[in-house]
Amino acid sequence: MPELTVYQQSDFPALYKWQAIAFMRMEWASIFYDDNLYMTETYPPELQPVHFVMAEDDSLISYASILKLDLPHAGIDYRIYGFGNLLTFPPFRRRGYGGQILQAATDFILQSDVDAAMLFCDRLLEPFYEAKGWSCTRSATRLGSPDQYKEYAPTRMMLFVSEKGRLGRADFETQPIYIDEPW
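(A) Broad picture of the overall build of the chain. Within the chain, the secondary structure is distributed over five helices and ten strands. Over its C-alpha trace the chain gives a radius of gyration of 16 Å, about what one expects of a compact globule, namely 16 Å for 183 residues. Judged by the C-alpha coordinates and their principal axes, the chain covers about 45 × 35 × 30 Å. Buried residues in the chain amount to 45% of all 183 residues. Total accessible area computed for the chain in this model is approximately 9,800 Å², and 50% of it derives from carbon and sulfur atoms. The average position of the 16 basic charges and that of the 25 acidic charges among the side chains of the chain differ by 6 Å.

Below, the structure is given as structure tokens:
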């Protein structure tokens, strides 16, 4: 029977890490370039990733991770969790494993000390995330700085966790955000 386990970066088993990276290479080949060509971590350890793993024995079935980031927005500094790398290996899709991973990560985030959480997805996946409490924020996402940026097209969805995050929701929904890279 598949089991869901949450790992801090220091406890993340190499066996699952390498399966996740192999899947990422196939699914998101565009992130494997320059210094990332031979990526050995799903996210840099300094971002304090937390890994959500659905596995049966040595086989990774579904996976996602979150990472802590500081995000200045509309003149306010926010502490956020970036949610990313949600994947389910094809033979295990449509069995609810991705939903279980998303629910576990959402619960973890809601019990944390961050102000908000953010993820990026295709429009077709909005209902999947909305069912777990995530909301679309339609303002622009820009890669770079206000002086020099590229528009980033995927849908941005957010959870507003703290009072500070909830008070800033209107700014996230109406003003563009600037990030270095999506996660």
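(B) Examining helix 2 (residues 97-110) more closely. In this model helix 2 runs 20 Å from its N-terminal to its C-terminal C-alpha over 14 residues, within 8% of the 20 Å that 1.5 Å per residue would give. Those residues of helix 2 that fall on the buried side of the exposure criterion are Tyr 97, Gly 98, Gly 99, Ile 101, Leu 102, Ala 105, Thr 106 and Ile 109.

(C) Main features of the sheet that holds strand 7 (residues 141-145). Pairing is mixed across the open sheet formed by three strands, whose spatial order is 8-7-10. Of all strands in the sheet, those with a lone pairing partner are strand 8 (148-152) and strand 10 (177-179), marking the two edges. In this sheet, adjacent strand axes meet at a mean angle of 40° when their direction is disregarded. Across five bridges, strand 7 lies against strand 8 in antiparallel orientation.

(D) Expanded view of the state of the cysteines. Throughout the structure, instances matching the rule amount to zero disulfides. Cys 121 carries a free sulfur, and the closest cysteine sulfur to it, the one in Cys 136, is 6.7 Å from it.

(E) Local environment of the sheet that holds strand 1 (residues 3-8). On the basis of which strands lie adjacent, the open sheet formed by seven strands has the order 1-2-3-4-5-9-6 and mixed pairing. Two strands in the sheet have a free side with no partner beyond their single neighbour: strand 1 and strand 6 (135-137). Sheet twist, expressed as the mean angle between neighbouring strand axes with direction ignored, is 30°. Pairing geometry for strand 2 (residues 50-56) and strand 3 (residues 59-73), over seven bridges, is antiparallel. Directly across from Val 50, in strand 3, lies its bridge partner Ile 66.

(F) Highlighting the side chain of Thr 155. Checked against the element boundaries, Thr 155 lands in strand 9 (residues 155-160). We classify Thr 155 as buried; its relative accessible area is 6%. One polar contact links Thr 155 to Glu 126, side chain to side chain, over a distance of 3.0 Å.

(G) Molecular detail of the nonpolar core. Grouped together as the largest cluster of nonpolar side chains are 24 residues, with contacts concentrated most on Ile 66, Phe 83, Ile 109, Tyr 129 and Trp 134. Of all the secondary-structure elements, those providing two or more residues to this core are strand 2, strand 3, strand 4 (76-88), helix 2, strand 5 (116-121) and strand 9. With five residues, the single largest contributor to this core is helix 2. Ranked by size, the runner-up nonpolar core spans 16 residues in total, among them Leu 69, Leu 71, Phe 120 and Leu 143.

(H) Expanded view of the pairing of strand 5. With six of six residues buried, strand 5 is to be regarded as a mostly interior element. Side chains of strand 5 alternate between two faces, with Ala 116, Met 118 and Phe 120 and Ala 117, Leu 119 and Cys 121 buried alike. The pairing of strand 4 with strand 5 spans three bridges and is classified as parallel. Directly across from Tyr 81, in strand 5, lies its bridge partner Ala 117.

Basis of the calculations
- Numbers given to residues run from 1 along each chain, matching the order in which its sequence is written.
- Reporting in this predicted model follows two pLDDT cut-offs: at least 70 for local features of residues, and 80 or more for side-chain atom pairs to be given and counted; totals over whole chains, interfaces and linings ignore these cut-offs and use all residues.
- Hydrogen atoms and water are omitted, and side-chain values are computed over all heavy atoms in the structure.
- Secondary structure is summarised from DSSP: a helix means a run of H or I of at least four residues, a strand means a run of E of at least two, and numbering begins at the N terminus for each.
- C-alpha atoms define the radius of gyration in this analysis, and the globule rule sets the expected value at 2.2 Å times the number of residues to the power 0.38.
- Only protein chains enter the accessibility calculation, which uses a 1.4 Å probe. A residue is then buried if its area is under 20% of the maximum for its type, exposed if over 50%, and partly exposed in between.
- For accessible areas, the Shrake-Rupley method is used with a probe of radius 1.4 Å. Any residue's cover is judged against the shown protein chains and nothing else.
- For the purpose of counting charges, residues Lys and Arg are taken to be positive, whereas Asp and Glu are taken to be negative. His and the chain ends are not included.
- Charge positions are represented by NZ for Lys, CZ for Arg, CG for Asp and CD for Glu.
- Every helix has an expected span of 1.5 Å times one less than the residues it contains.
- For two strands to pair, DSSP has to find at least two bridges joining them.
- Lines fitted to C-alpha atoms define the axes here, with helix axes fitted over just the stretch in contact, and angles between the N-to-C directions of these axes take values from 0 to 180 degrees.
- A pair of cysteine sulfur atoms is labelled a disulfide when the two atoms are within 2.5 Å.
- Identification of polar contacts relies on pairs of N or O atoms within 3.5 Å, with a donor-acceptor requirement for protein atoms, meaning one able to donate a hydrogen and the other able to accept it, and with residues adjacent in sequence counted only if both atoms are side-chain atoms.
- Take the buried residues of types Ala, Val, Leu, Ile, Met, Phe, Trp, Tyr and Cys, join any two whose side-chain atoms come within 4.5 Å, and each joined set is a nonpolar core.

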